[in-house]
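A structural walkthrough
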Amino acid sequence: MARRDFQKITWCQAVEDDFRNLLEQSIREDVESIGDLTSLALIPEKAMGCASVVSRNSGIIAGMPTVPVIVEAVCPDLEWTPAVQDCQRVEKGQKIGTLRGNARGLMQAERLVLNFVSRLSGIASTTDRYVQAIQGTGSVVYDTRKTTPGWRLLEKYAVQCGGAANHRTGLYDAILIKDNHLALAAGRAGLGPLEYNPAEAVRSVRKYLARQDELGPRPASYCRGCVPSTCKMRTSLIAAVAEVTGSAMLSSIIAKTPCYVIEQARGKNEQVPREPAMNFPARDVIVEVEVDTFQQFESVLDADPDIIMLDNMPVDLMKKAVKLRNQRKPEIELEASGGITLKTIRDVALTGVDRISVGALTHSFVMFDLGLDWEEVT
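Attention in this report is confined to the structure presented alongside it. It should be emphasised that the depicted structure is a prediction, and the values quoted were computed from it without experimental measurement. Residue numbers restart at each chain and count upward from 1, following the sequence in its written direction. Given that this is a predicted model, residues contribute local features only at a pLDDT of at least 70 and side-chain atom pairs are listed and counted only at 80 or more, while totals for whole chains, interfaces and linings are drawn from all residues. As a convention, hydrogens and water are excluded, and side-chain values are obtained from all of the structure's heavy atoms.

A word on the pattern of salt bridges
Where charged atoms of side chains with opposite charge meet at close range, the side chains can pair. Any Lys or Arg side-chain nitrogen found within 4 Å of a carboxyl oxygen on Asp or Glu counts as a salt bridge. As enumerated under the stated definition, the model contains 14 salt bridges in all. Across the pair R20 and E72 runs a salt bridge whose closest N-O atoms are separated by 3.6 Å. Of this pair, R20 sits in helix α1 (residues 13–31) while E72 sits in helix α3 (residues 66–74); the two residues are 52 residues apart in sequence, bridging distant segments of the chain. When a residue's accessible area, from a 1.4 Å probe over protein chains only, is under 20% of the maximum for its type it is buried; when over 50% it is exposed; and in between it is partly exposed. Assessed through its relative accessible area of 33%, R20 is described here as partly exposed. In this text, helices come from DSSP runs of H or I with a minimum length of four residues, and strands from runs of E with a minimum of two, each type numbered from the N-terminal end.

Given below as structure tokens:
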């Protein structure tokens, strides 16, 4: 049976759009409306420079597509020549690319390039260590939603570069029944008795999804509070005005319009990470449920979730759960989660679980060490 999985975050228009938003803020906090005072004081306006971005340690590179965007935003006269690609392993002292052009522009671009590529390469390199630790076991490492606000798609992209898989992108694209959902339902919602055990919760979710399919396809609502046709009409009108006036500001507004982003992605046959789950058949929504005791695990097997998450479960109980799953419901996948480290992940993988989710990939990574080495201008 083919594995049902969450969407894979590759570099696409939505990821680049998030990056451009972060870049705009990063440039503002660096130079405001004043500029680089040190370079203005010391470097002649027409001075030229050449520098290589060099790895100070070994690991996996991620974030190379950010550099041309940085160059375009800071100083279009700069020339960027990449020496490696994302997902590539590099060694200490290896050149990853060269910047050449206006020296003032190069100085302003330096920290932006190093910060973004170092962060994403740090996530990719940390991920690679977890992936290598369970090599040959058959288990797959997954990330989580424990991401930096505003950075989620970029960080999940870096996880892919490191060789792991992406868990759900957000609350909108999969169902994951966690202990807090059950705790809230157990009389804490002010709505009277709403108690569920994990198995009952899965069955209730399946009924909800079936009802959504009975309603038939609904138009997507890409922008909060708007009707898609209206949004598209508004975008078209703005585009027409932008074309006549040549307004860069209006073009920028259009580029950030969700409808525009989605249409552009579809035109290029790219994925659309933010397309609402309600707009594809509900039967395609993955249903996962969290359990933390073996008794819960036994009861939820017959409810047929797609994935059962074994939360903070000891290794011996994981082995027991895998054995029972193999006997009764081999089509259900098991995911281990909770406090998993590089020291423990191989023991977890050897229990036979299919998936291992690790929050540390995006919340406890070490920044990759990159530096800028000046070269002689030729």
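Considering α1
Expected span of a helix, by definition, is 1.5 Å for each gap between consecutive residues, and there is one gap fewer than residues. For α1, spanning 19 residues, the distance from its first C-alpha to its last is 27 Å, which sits close to the expected 27 Å at 1.5 Å a residue. Within α1 the residues assigned to the buried category are Q13, A14, V15, E16, D17, D18, F19, L22, L23, S26, I27 and V31. Among the residues trailing α1, E32 stands out with phi positive, at a value near 45°.

Observations concerning the sheet that holds strand β5 (residues 95–102)
Pairs of strands are assigned from DSSP output, requiring at least two bridges between the strands. On the basis of which strands lie adjacent, the open sheet formed by 4 strands has the order β3-β5-β1-β12 and antiparallel pairing. Strands with a single pairing partner mark the edges of an open sheet, and in this sheet they are β3 (79–82) and β12 (370–375). Geometrically, the sheet is characterised by an average inter-axis angle of 20° between neighbouring strands, direction not taken into account. Bridge count for strand β1 (residues 48–55) against β5 is 7 bridges, and the pairing is antiparallel. By the bridge assignment for β5, A51 is matched with L99. Angular values range over 0 to 180 degrees, each being the angle between N-to-C directions of two axes fitted as lines to C-alpha atoms, with helices fitted over their stretch in contact.

So, to be careful, I would describe these as geometric facts and stop short of saying anything about function.
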